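Residues per chain, in single letters:
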Amino acid sequence: MFVIITNILYAMKNSILKKLCEFDKKGLVFPLLPASILWIGIGVCTFSILTMTIVAAQAGDHALFFKELCMHFILVGLFMMTLAKDKHEDERIKRLRYRAFAFAFVLGTFTLLMMRIVVVTINSIKDELPQEWEYNQSFFFIISSYLFYYLMYFQVFKKQL
Amino acid sequence: MKNTVHVQRAIHHMNQTELAQAIGVSRQTISSIEKNRYVPSTVLALKMSRLFKVPVEDIFILEESDE
């Protein structure tokens, strides 16, 4: 049973990676969304920010829940904007997109990692060092996913391309 | 790497928009190539070569700094 599941997972992984490699050979970034999605993403972000502002002004029972829900939808909107095609999606735009992805990944990860160290350093100077390293589980999950996926895809692309 | 895209375009009496439409890119891409801000892919270089009916080496020329 374990062998069958392993084989199925291995076949699925190979199939997905093969498709990704084919995308890369054709000079494509990812299966991008239509250009109109950009405006839907902007709309989702704007609506979420406005709703969050209104919710923050009211101290209801579920204020915190709705605030975090709005924050989540701001991220959804930003992600839609990220994956939306440009009006003239040609090879120059695709290369710029690759470059932007790379910069966002490296600088984003670096900033997040440094922020934590800076906070701890300032706290230690002020002699307010906490008993534990207050590590948010979702923070760890996000950063480790990015880094793990990067390392995995880099090795796979090196072998297949 | 320098290029003679604007010269070839002038020889063939084409403006940037017409060239862009002929090879399936945006006008901004042609502008970036002519200003040496963007080096096109092999596919795009070959498309230009076919359109202008000259070898790729006549459009894109390596400089000493590229070696």
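Small disclaimer: the values here were computed from a predicted structure and weren't measured.

(A) Representation of the overall build of chain B within the structure. Along chain B, the regular secondary structure elements total five helices and two strands. Its helices and strands in sequence order give chain B the pattern β-α-α-α-α-α-β, from N to C terminus. Computed over C-alpha atoms, the radius of gyration of chain B comes to 11 Å, within 12% of the 11 Å expected from 2.2 N^0.38 for 67 residues, which places it in the range of a compact globule. For chain B, the C-alpha atoms occupy an extent of roughly 35 × 25 × 20 Å along the three principal directions. By residue count, 18% of the 67 residues in chain B fall in the buried class.

(B) Quick peek at the UniProt feature "domain: HTH cro/C1-type" (unreviewed entry) in chain B. When the UniProt feature table is mapped onto this chain, "domain: HTH cro/C1-type" (unreviewed entry) is found at residues 9-59 of chain B. Helix and strand shares over residues 9-59 of chain B are 67% and 0% respectively, and the end C-alpha atoms of the span are 11 Å apart.

(C) The packing of helix H2 (residues 16-23) of chain B against helix H3 (residues 27-34) of chain B, seen in detail. Residue and element names in this part refer to chain B. Running from N to C, H2 and H3 point in directions that differ by 110°, and their axes come no closer than 8 Å. Put simply, H2 runs roughly perpendicular to H3. Contacts from Gln16, Thr17, Leu19 and Ala20 of H2 reach H3 at Arg27, Thr29, Ile30 and Ser31. Grouping the amino acids of the contact of H2 with H3 by side-chain chemistry returns three nonpolar, four polar and one charged.

(D) Layout of the environment of Ile61 of chain B. All names here are of chain B. In this fold, Ile61 is placed in strand E2 (residues 60-61). Judged by local crowding, Ile61 falls into the exposed class, with 12 C-beta atoms found within 10 Å. Ile61 sits 57 residues away from Thr4 along the chain, and the two C-alpha atoms are 8.2 Å apart. Setting aside anything within four residues of it in sequence, one finds Ile61 in contact with Met1, Lys2 and Asn3.

(E) Region of interest: unusual backbone geometry. All names here are of chain B. Despite not being glycine, Asn36 has its phi angle at roughly 60°, a positive value. Within the secondary structure, Asn36 is located in the loop between H3 and helix H4 (42-52). Positive phi outside glycine occurs at Lys53, with the angle close to 55°. Looking at the secondary structure, you find Lys53 in the loop between H4 and helix H5 (56-59). A residue is classified by how many C-beta atoms lie within 10 Å of it, and Lys53, with 8 of them, is exposed.

(F) Geometry of the confidence of the model for chain B. This prediction gives chain B a mean pLDDT of 93; 100% of its residues lie at or above 70. Scoring of the predicted complex yields 0.73 for pTM and 0.84 for ipTM.

(G) Region of interest: the environment of His72 of chain A. Residue and element names in this part refer to chain A. One can find His72 in helix H3 (residues 63-83). The exposure class of His72 is exposed, given the 11 C-beta atoms found within 10 Å. Remark: the alpha-carbon pair of His72 and Thr82, spanning ten residues in sequence, is separated by 15 Å.

(H) Expanded view of the nonpolar core. Residues and elements named next belong to chain B. Among the nonpolar cores identified, the biggest contains nine residues, and these are Val5, Leu19, Val25, Ile30, Ile33, Leu44, Met48, Phe52 and Ile59. Breaking this core down by element, the ones donating at least two residues are H3 and H4. Looking at this core element by element, the count peaks at three residues for H4. Residues contacting Ile59, with those up to four places away along its chain left out, are Asn3, Thr4, Val5, Gln8, Ala45, Met48, Ser49, Phe52 and Val54.

The rules behind the values
Residues numbered from 1 in each chain as written. Chains lettered and ligands numbered in written order. Predicted model: local features only at pLDDT ≥ 70, side-chain atom pairs only at ≥ 80, totals over all residues. Helix = DSSP H or I, 4+ residues; strand = E, 2+ residues; numbered from the N terminus. Rg over C-alpha atoms; globule rule 2.2 N^0.38 Å. Buried ≥ 20, exposed ≤ 12 C-beta atoms within 10 Å, placed from the backbone. UniProt positions renumbered as here; feature names shortened; annotations may be inferred. Axes fitted to C-alpha atoms, helices over the stretch in contact; angles between N-to-C directions. Parallel < 35°, antiparallel > 145°, perpendicular 65-115°, else oblique. Contact = placed C-beta atoms within 7 Å. Nonpolar A, V, L, I, M, F, W, Y, C, P; charged D, E, K, R; others polar. pLDDT = per-residue confidence, 0-100. Core = buried A, V, L, I, M, F, W, Y, C linked by C-beta atoms within 7 Å.

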